[in-house]
Amino acid sequence: MPALAAVVVLCSAGGTGRLTVNGLPVSGRTFAIGYVHSIYRAPSAEVFTVEGRRFTMRAVVSGSGGVLDYYALDGERARTPDGAWVLRLAEPATYEELSLLTTSIGRRTVISGGRCLPLDRTGEVRLALELTVDVRGEPCRPPFGGPRSAVHHSQGIPSFGGPRSAVHHS
């Protein structure tokens, strides 16, 4: 099953630190929250764009069309050339912070710029954007990274597979 990762150049935030989500540098003004869906067991991600200190969920990407059905949200569905599903939300949702419930089964992970920040604490985790001097993160590992499973960015919407399978945001 393909997995997730993001590939972009790191950005800095005016020399006072880097713009991060929970300490992971935000690259290309986008990040994703990757997870393994508990019912479909498919690597999936919610894709966000960043503006100032707010972030907006724009899309859901998954190897399973059932994951998109599970969300029950309106939007434009598309397939990548390698068979993954993308749902571009008709009504994107904007946040200043977001509380997530995490479990070891779901493996929630923040992904940006080819780096991952596993949210391995079980329970509630609050996501927020901030300027950070001491950044965190590590290279992405399966199911969110690796040479055969990289997700590539194209204008804020990642897709499964190599550069030829990028999904273009309209």
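Calculation criteria
- Counting from 1, residues in each chain are numbered in the order their sequence is written.
- Totals for whole chains, interfaces and linings use every residue, but because this is a predicted model, local features are given only for residues with pLDDT of at least 70 and side-chain atom pairs only at 80 or more, for both listing and counting.
- To obtain the side-chain values, all non-hydrogen atoms of the structure were included, while hydrogens and water were left out.
- The disulfide definition used here is simple: a pair of cysteine sulfur atoms within 2.5 Å.
- By definition, any uninterrupted DSSP run of H or I lasting at least four residues is a helix, any uninterrupted run of E lasting at least two residues is a strand, and each is numbered from the N terminus.
- Per-residue accessibility, obtained with a 1.4 Å probe over protein chains only, is compared with the maximum for each type, and a residue is labelled buried under 20%, exposed over 50%, and partly exposed between these values.
- Being paired, for any two strands, means DSSP has found at least two bridges between them.

**Comments concerning the state of the cysteines**
Then, number 1: Taken as a whole, this structure holds one disulfide when the rule is applied.
Then, number 2: Here Cys-116 engages in a disulfide with Cys-140; their sulfurs sit 2.0 Å apart. Measuring handedness by torsion sign, the sulfur bridge of Cys-116 and Cys-140 sits at about 100° and is right-handed. You can see Cys-116 sitting in strand β10 (residues 115–118) and its partner Cys-140 sitting in the loop between β12 (138–139) and β13 (151–152), a full 24 residues away along the chain.
Then, number 3: Cys-116 gets classed as buried once you look at its relative accessible area, which sits at 3%.

**Let's talk about the environment of Pro-139**
Then, number 1: In this fold, Pro-139 is placed in strand β12.
Then, number 2: Between the C-alpha atoms of Pro-139 and Cys-116, which are 23 residues apart in sequence, the distance is 5.9 Å.

**With respect to the pairing of strand β6 (residues 75–79)**
Then, number 1: Summarising the sheet, β6 and strand β7 (residues 85–95) pair through five bridges and their orientation is antiparallel. Opposite Gly-75, over in β7, you have Leu-89 as the bridge partner.
Then, number 2: Between the antiparallel neighbours β6 and β7 lie five residues, among them Gly-83 with a positive phi of about 100°.

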